[in-house]
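Chain by chain, the residues:
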Amino acid sequence: MNIAVIGAGYVGLITAAGLAETGQRVICVDDDLRKIEILNSGAIPFYEPGLEELVRRNRQAKRLEFISKLEDAAAECQVIFICVGTPPQESGEADLSSVELVARRISGCARGYHLVIEKSTVPVQTGRRLQKHFAIYGSSSQFQCDVASNPEFLREGSGVEDFFHPDRIVVGVESEKAATLLKEIYQPVLEQTFACPVHDDCGKRSRVPFVVTDINSAELIKHASNSFLAMKISFINMIADLCEAVGANVGKVAEALGMDERIGASFLRPGVGFGGSCFPKDLQAFVRVGEDAGCDFSLLREVERINQRRIDMVVSKIKNELWVVRGKRVGVWGLAFKPRTDDVRSAPALAVIRRLLAEGAVVQAYDPQAMEKAKAEVPGIEYCADAYAAAQGAEALLALTEWDEFLHLDLARVRQSMVRPLIFDGRNMFSRAIMSEHGFEYLDIGSGGSARKPLPDAKQG
Ligand SMILES: NC(=O)c1ccc[n+]([C@@H]2O[C@H](COP(=O)([O-])OP(=O)(O)OC[C@H]3O[C@@H](n4cnc5c(N)ncnc54)[C@H](O)[C@@H]3O)[C@@H](O)[C@H]2O)c1
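From a predicted model like this one, the values you see are computed outputs, not experimental measurements.

What counts, and at which threshold
Residues numbered from 1 in each chain as written. Predicted model: local features only at pLDDT ≥ 70, side-chain atom pairs only at ≥ 80, totals over all residues. Heavy atoms only, no water. Helix = DSSP H or I, 4+ residues; strand = E, 2+ residues; numbered from the N terminus. Buried < 20%, exposed > 50% of the residue type's maximum accessible area, 1.4 Å probe, protein only. Lys, Arg positive; Asp, Glu negative; His and termini not counted. Charge placed at Lys NZ, Arg CZ, Asp CG, Glu CD. Arc of directions from axis to C-beta. Contact = heavy atoms within 4.5 Å. 1 Å grid on protein atoms, 1.4 Å probe; cavity = no way out; pocket = protein on both sides within 12 Å on 5 of 7 lines; lining within 4 Å. Points joined across faces, edges and corners; volume = space filled by probe spheres on them. Nonpolar A, V, L, I, M, F, W, Y, C, P; charged D, E, K, R; others polar. Salt bridge = Lys/Arg side-chain N within 4 Å of Asp/Glu carboxyl O. Expected span 1.5 Å × (residues − 1). Near = heavy atom within 4 Å. Polar contact = N/O pair within 3.5 Å; in protein donor to acceptor, adjacent residues only side chain to side chain. Areas by Shrake-Rupley, 256 points an atom, 1.4 Å probe, with all protein chains shown as cover. Pairing = 2+ DSSP bridges. Right-handed = clockwise from strand over helix to strand, strands pointing away. Axes fitted to C-alpha atoms, helices over the stretch in contact; angles between N-to-C directions. Parallel < 35°, antiparallel > 145°, perpendicular 65-115°, else oblique. Left-handed = near helix turned anticlockwise from the far one by under 90°.

A. Spotlight on the overall build of the protein. From N to C terminus, the protein includes 17 helices and 14 strands. For the protein, the spread of C-alpha atoms along the three principal axes comes to 75 × 60 × 45 Å. Looking at the protein as a whole, 53% of its 461 residues are labelled buried. Averaged over its 54 positive side-chain charges, the protein has a centre that lies 2 Å from the centre of its 62 negative ones.

Following this line, the structure appears as structure tokens:
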């Protein structure tokens, strides 16, 4: 089958390379000429483990090509995946102008039958609008079109693995033909019958659930999933604050909470809050969708508010320790919104750094992959060659992204190079005992060791 994938970002490129690896012929389109140039030179325009090799192999096998003209891809491909960005507007609503532009260009050139699949994260009822759009703007009388929703659940940093071993594949369709085509496209993944490019000895071979639903429900599943995960993170962060205040240990609380199968252990790690290109924007967009539909979505507004307050929490802890921040040198480990990616969109680390710079701190930072992208966002930082340089001469060191690399450093060397050996562990990635052994003052999140509030007087009788 010939498949067009529009958008060569994190989702589009992984989808295009993944589908090609399973044997489809894929034309991946991006209107960013620089990206197409990079891809056609054999490199990839961002960091994602395993992706460069996958792209290289499938280009060589002539199953994957990159072009900038959507019309050329639409002429050859019956199936078109839309994977363009849907960033937030000022109001929180998703900006669908790139999706609309792609739809406009498809309507202008498409002939015969096409299946147009929205993989970008979009608000519920976007599929309906696309159907209407194609009915109004389809320029050829031979243009026939099914619209489908196929939300993407991959995680940056393990996107390739997630493509081949998803928890489920969700499709929203309104015709048998669309359902059949989508099942055919995903057959190798559903049946796990491909030669796994991720694992030598692939243990994850159970069939993948294929959830077929209406388009509205599929769109809603994506927003509901991300909002639920964000809610878990804000929940444990709220509990972490209480642990600190009353003298409990959030690590133990989270561990025991997660052992309850009804709750589950994932996304119960306290920290400086969630970021990235999905959770903050999808949460905001979902709140808008809910409220526009007249539903009470105040629960999710609170999730967002708790997350925003994480940045205040970090800054106030640092100010409390440093007393006067102006002129003090602060080191930062980690800029990406999470490890194994170079994505800094809505990264908590950048939000913290902006606030420290505004307070007059001198910030020196290191990230294994995200420095180029961070430079474009926050120019006032001294970017360092490695983690040791980021600690050198600092009066406080903030660990804000849990890269593995930070767990294997020579702590004695770090300790010696700092003016004051104060570490704020914003991801609870280090051991308090080891840090104390090395002579650090160690601040983490939600550890009862720093209980501030005295117990209320017990009432007699
Ligand atoms: N990044 C993730 O982890 C992730 C996970 C699941 C879902 N999503 C969703 O997938 C969508 C894409 O996200 P992303 O992170 O890949 O975004 P991205 O910004 O990395 O990539 C989007 C790409 O689309 C291209 N593009 C924009 N308009 C275009 C047009 N008219 N024609 C051709 N190309 C065009 C851009 O140049 C860019 O390369 C978003 O809706 C996002 O919410 C993202």
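B. Geometry of helix α3 (residues 51–60). Among the residues of α3, Leu51, Leu54, Val55 and Asn58 are the ones counted as buried. One side of α3 carries all its buried residues, which in axial view fall inside an arc of 95°. In this fold, the buried residues of α3 make contact with α1 (10–21), β3 (64–67) and α7 (159–164). Note on α3: the residue one or two positions beyond its end, Lys62, has a positive phi of about 65°.

C. Up close: the layout of surface pockets. Taken as a whole, the second largest pocket encloses approximately 440 Å³ of empty space. Lining the second largest pocket are 19 residues; nearest its centre among them are Pro123, Val124, Gln125, Val289 and Asp292. Elements with a minimum of two residues in the lining of the second largest pocket: α6 (126–137) and α11 (279–292). Tallying contributions element by element places α11 first for the lining of the second largest pocket, with six residues. For the lining of the second largest pocket, a count of residues per class yields 11 nonpolar, four polar and four charged.

D. Examining the pattern of salt bridges more closely. One pass over the structure, following the stated rule, counts 31 salt bridges. For the salt bridge of Asp282 with Lys281, the shortest nitrogen-to-oxygen distance reads 2.7 Å. Arg288 serves as the salt-bridge partner of Asp292, at 3.8 Å between the closest nitrogen and oxygen. Placement of both Asp292 and Arg288 in helix α11 is noted, with a separation of four residues, approximately one turn of the helix.

E. Here's a closer look at the side chain of Asp162. In this fold, Asp162 is placed in helix α7. Exposure remark for Asp162: the relative accessible area of 11% places this residue in the buried category.

F. Representation of α1. With 12 residues, α1 should cover 16 Å at 1.5 Å per step; its first-to-last C-alpha distance of 16 Å lies within 8% of that length. Burial within α1 is extensive, with 11 of its 12 residues counted as buried. All of the buried residues along α1 are Tyr10, Gly12, Leu13, Ile14, Thr15, Ala16, Ala17, Gly18, Leu19, Ala20 and Glu21.

G. Geometry of the site of the ligand. Neighbouring residues of the ligand: 27 residues in total, closest Asp30, Lys35, Thr86, Glu156 and Lys281. The contact in question runs from an oxygen atom of the ligand to an N or O atom on the backbone of Tyr10, over 3.0 Å. Against a free-state accessible area of 820 Å², the protein chains account for coverage of 90% of the ligand. Every element with two or more residues in the shell around the ligand is listed here: α1 and α5 (97–109). Among the elements that make up the shell around the ligand, the one with the highest residue count is α5 (three residues). By residue class, the composition of the shell around the ligand is 10 nonpolar, eight polar and nine charged.

H. Layout of the pairing of strand β6 (residues 144–149). Note: strand β5 (residues 113–118) against β6, six bridges, orientation parallel. When the bridges of β6 are listed, Tyr113 appears paired with Gln144. Handedness of the crossover joining β5 and β6 through α6 is recorded here as right-handed.

I. Structural detail: the packing of helix α9 (residues 215–246) against helix α10 (residues 250–258). Taken N-terminus to C-terminus, the directions of α9 and α10 make an angle of 140°; their axes are 9 Å apart at the nearest point. Comparing their axes, α10 and α9 come out oblique. Relative to α10, α9 is oriented so that their crossing is right-handed. Contacts between α9 and α10 involve Phe235, Ile236, Ile239, Ala240 and Cys243 from the former and Val250, Val253, Ala254 and Leu257 from the latter.

J. Examining the sheet that holds strand β10 (residues 362–366) more closely. Read from one edge to the other, the open sheet built from six strands follows the order β11-β10-β9-β12-β13-β14, with strand pairing classed as parallel. The sheet is open, and its two edges are formed by β11 (382–383) and β14 (441–443), each paired on a single side. Across three bridges, the pairing between strand β12 (residues 396–399) and strand β13 (residues 422–425) is parallel. Its bridge partner lying in β13, Leu398 is registered against Phe424. Running at roughly 165° to β13, helix α12 (residues 298–322) makes contact with β9 (329–333), β12, β13 and β14 of the sheet. In the packing of helix α13 (residues 348–358) onto the sheet, the strands contacted are β9, β10 and β12, and the crossing angle to β10 comes to about 155°.

Fair warning: the whole summary comes from geometry, so function is off the table for now.
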